[in-house]
Amino acid sequence: MLRKKMMTLALCITLLAAVLTACGGGNNDKGQAGSNGEATTDSSNSTDNPYKDPMTITLGFWDADAEIANIEKDPIAKQVLEKFNITLKPVNMTWDDYTQKIQMWAASGQLPDIFAIDAVGTQYQRKWVEQGVVKALPDLSKYPNLAKYFESPDIKGLGVDGKYYTVPRRMFPSVDWSALDRMVFYRWDLAQKAGITKEPETWEEFEAMLEAIVKSDPEGKHITGLTTTTTKMLGGFFWLYGNPVATSDGSGSDFKWIKEDGKFIPAVFSKNALPALQNMKNMYEKGLIDPDIALVKPAESYDNFVAGKAAALLSGGGFINLNSDMYEKRWKTAYPDKDIMESVKALKPLIGPDGERSHAIFKTYWSESYFSNTVDDKKMDRIMALYDYVLSPEGKDLLTYGIEGVDYKIENGQKVVIEKGSLNEKYPASRFLKNLVAYETSDSYTMDNPTIANEGIRKEAVDYIDWIQKNTKVPDYDIRLTYMSTPTKDKFTVLDHDDLLKIMLSKEPVESYWNSIVNDYKAKGLDKMIEEVNAKAKEQGIE
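My aim in this report is to walk through the structure given alongside it, one point at a time.

Scoring rules and cut-offs
Residues numbered from 1 in each chain as written. Predicted model: local features only at pLDDT ≥ 70, side-chain atom pairs only at ≥ 80, totals over all residues. Heavy atoms only, no water. Helix = DSSP H or I, 4+ residues; strand = E, 2+ residues; numbered from the N terminus. Rg over C-alpha atoms; globule rule 2.2 N^0.38 Å. Buried < 20%, exposed > 50% of the residue type's maximum accessible area, 1.4 Å probe, protein only. Contact = heavy atoms within 4.5 Å. Areas by Shrake-Rupley, 256 points an atom, 1.4 Å probe, with all protein chains shown as cover. Lys, Arg positive; Asp, Glu negative; His and termini not counted. Charge placed at Lys NZ, Arg CZ, Asp CG, Glu CD. Salt bridge = Lys/Arg side-chain N within 4 Å of Asp/Glu carboxyl O. Pairing = 2+ DSSP bridges. Axes fitted to C-alpha atoms, helices over the stretch in contact; angles between N-to-C directions. Patch = residues over 30% accessible without salt bridge, like charges linked within 9 Å, V, L, I, M, F, W, Y side chains within 5 Å. Bend = angle between axes of the 7 residues up to and from the residue. Parallel < 35°, antiparallel > 145°, perpendicular 65-115°, else oblique. Left-handed = near helix turned anticlockwise from the far one by under 90°. Nonpolar A, V, L, I, M, F, W, Y, C, P; charged D, E, K, R; others polar.

Focus on the overall build of the protein chain
Turning to step 1, where the next piece is worked out: A count of helical and extended segments in the protein chain gives 23 helices and 13 strands.
Turning to step 2, where the next piece is worked out: In terms of C-alpha radius of gyration, the protein chain reaches 25 Å, essentially the compact-globule figure of 24 Å for 543 residues.
Turning to step 3, where the next piece is worked out: Residue burial in the protein chain is summarised as follows: out of 543 residues, 56% are buried.
Turning to step 4, where the next piece is worked out: Taking the intrachain contacts of the protein chain between residues at least 6 apart in sequence as the baseline, contacts between residues at least 24 apart amount to 75%.
Turning to step 5, where the next piece is worked out: Accessible area of the protein chain: about 23900 Å², with a carbon and sulfur share of 51%.
Turning to step 6, where the next piece is worked out: Treating the 66 positive side-chain charges of the protein chain as one cloud and the 80 negative ones as another, the clouds have centres 2 Å apart.

Written as structure tokens, this is what we have:
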């Protein structure tokens, strides 16, 4: 019996090796690195192999230590990196410190070769370009998939004097999909135990549900109301109460403009701001928001929500993170016999005081890759080649669907999933490698895409975005004003999530505290910026 098992194991290893070799695809003629990371004798040592020399690339990415450690457990991620003879060396940063760390590295000449941040439009991003801190992308004609990626209008518009200095991580085909990146999930099972029988559709109903759960505390865990994975997301929810254009991705530079009383102003400073702030404050004072929300950490907030210590969770990443961070990492262990989608519901955009169902609005991409100017041309070429491959049809299929013949098959021209388990668990670094270049999360919202492994969650995800596109309205604003450059605007940031948090925690009345915040912005040039933008908009014929 043992001999039979050993033979079976050997056969499986041989088949897997053959399949992985096949996945190397058409680039094998350029030389494929061996599985031990060394160049193979027959191809990698050939003089025309552009990747024959091993190369170490430092990478600053969120939780890079853990993500890169997973590569050793992931035959697909290893395959891709071996293809280009690259070893990634992590330079760790977290969601709490990445902005400060990168600015410090930039100032001290210690930037990693590649680093990720959401900096488009910020003052420091402009300085990096002006001072030569970041390296310009080379001619993209050598990298056809990357060149095609830059044909998208909102990415093409990021050029500076004919050069690109970043590769943005595209997420969505339109702003409607932004709804997926600031979602509230709530414990419907606990709401039902608290006597709630109808899923909330208005802010009043949502508050009533939270109040019922907190007061009844169905599991005796001193449950709190709404919490979040990071306070940067606060504006993505609370501005939806009548001032949805004010929603921000947290970068401080993506504030959108509306026309009010005859002139363009940042929507954050609209007359609709005060009711939204008061609504948030009322929820906090009623005990419907986690009193420790200022101290939340992503992992802790997921733990608390799944453990039934928080009634609702504001998070990013939509149903993809619901599947990976909640279901796979926590829920299926804590509740092996409980269907998560019978216990956890996604809050649909609530009907606000304006009678509209509004969702958060962001750019179609979030965060970008930058490259230190210490990267030489040879290393830059290797990085661009890796990025180009990840964006190629071959790379996308491999990192999304796994290995053909093992994880999926082709029938009648369509991919059919074979692997019934989670590809995130089977290939724990593939998603990271894909996200390094582009998030492209919208691709995951179809029933034949295995990224959301739990089919119940996947079905909810597909139905949710379908519902969003049929039932919500994107308010009017002109994105040209967000991208517009004026002397004052180029240095101006609006960190609305910090302002919201201060108001929430302050003992001062909302209106007086908000007025003091607005006065601080005025002292930094708010009125001058508005004058400059309106004058330039008039010159450009923007009405």
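Overview of the side chain of histidine 497
Turning to step 1, where the next piece is worked out: Here histidine 497 is to be found in helix α21 (residues 496-505).
Turning to step 2, where the next piece is worked out: Apart from the residues lying within four places of it in its own chain, the contact partners of histidine 497 are Thr231, Lys232, Leu234 and Gly250.

Points about the pattern of salt bridges
Turning to step 1, where the next piece is worked out: What the rule picks out here adds up to 33 salt bridges.
Turning to step 2, where the next piece is worked out: Lysine 286 is the partner of glutamate 207 in a salt bridge, and the nearest nitrogen-oxygen pair spans 3.1 Å. With glutamate 207 in helix α9 (residues 203-216) and lysine 286 in the loop between α11 (273-285) and α12 (298-306), the pair connects residues that are 79 residues apart, well separated along the chain.
Turning to step 3, where the next piece is worked out: According to the relative accessible area criterion, glutamate 207 is buried, its value standing at 11%.
Turning to step 4, where the next piece is worked out: What emerges from the salt-bridge pattern is a single network uniting Lys198, Glu201, Glu205 and Arg357.

Observations concerning the sheet that holds strand β4 (residues 167-170)
Turning to step 1, where the next piece is worked out: Taken in spatial order, the five strands make up an open sheet running β2-β1-β3-β11-β4, and their pairing is mixed. Each edge of the sheet is formed by a strand with only one pairing partner; in this case those strands are β2 (86-93) and β4. For this sheet, the mean angle separating the axes of adjacent strands, direction not counted, is 25°.
Turning to step 2, where the next piece is worked out: Of the strand pairs in this sheet, β4 and strand β11 (residues 365-371) are connected by three bridges, and their pairing is antiparallel. Bridging across to β11, valine 167 finds its partner in serine 369.

Side note on the sheet that holds strand β10 (residues 344-346)
Turning to step 1, where the next piece is worked out: Spatially, four strands are ordered β6-β9-β5-β10 in an open sheet, and the strand pairing comes out mixed. Since the sheet does not close on itself, it has two edges, and those belong to β6 (224-228) and β10, each with one partner. Taking the axes of each pair of neighbouring strands and ignoring which way they run, one obtains an average angle of 20° across the sheet.
Turning to step 2, where the next piece is worked out: As paired elements, strand β5 (residues 183-187) and strand β9 (residues 310-315) share four bridges and run antiparallel to each other. Within the sheet, the bridge partner assigned to methionine 183 lies in β9 and is serine 315.
Turning to step 3, where the next piece is worked out: Relative to the sheet, helix α13 (residues 318-334) contacts β5, β9 and β10, its axis offset from that of β5 by approximately 40°.

Points about a negative patch on the surface
Turning to step 1, where the next piece is worked out: A grouping of Glu199, Asp339, Glu342 and Glu460 is seen on the molecular surface, where their side chains present a negatively charged patch.
Turning to step 2, where the next piece is worked out: Tracing the chain through its elements places glutamate 199 in the loop between α8 (188-193) and α9.
Turning to step 3, where the next piece is worked out: Exposure remark for glutamate 199: the relative accessible area of 33% places this residue in the partly exposed category.

Here's the deal with α13
Turning to step 1, where the next piece is worked out: Of all bends in α13, the biggest is about 55°, found at tyrosine 327.
Turning to step 2, where the next piece is worked out: Here α13 lies mainly inside the structure; 13 of its 17 residues are buried.

So, the packing of α12 against α13
Turning to step 1, where the next piece is worked out: Running from N to C, α12 and α13 cross one another at 55°; their axes reach a closest spacing of 10 Å. In terms of their interaxial angle, α12 and α13 are classed as oblique. As α12 runs across α13, the sense of the crossing is right-handed. Two secondary-structure elements touch here, α12 through Ala299, Tyr302, Asp303, Phe305 and Val306 and α13 through Asn321, Asp325, Met326, Arg330, Trp331 and Ala334.
Turning to step 2, where the next piece is worked out: Its residues placed into classes, the contact of α12 with α13 shows seven nonpolar, one polar and three charged.

Details of unusual backbone geometry
Turning to step 1, where the next piece is worked out: The phi angle at aspartate 63 is positive, at roughly 55°, despite the residue not being glycine.
Turning to step 2, where the next piece is worked out: Of note, aspartate 63 is situated in the loop between β1 (55-62) and α2 (64-69).
Turning to step 3, where the next piece is worked out: We classify aspartate 63 as partly exposed; its relative accessible area is 35%.
Turning to step 4, where the next piece is worked out: For glutamate 440, which is not a glycine, the phi torsion comes out positive at approximately 45°.

What is shown is where atoms sit, not what they do.
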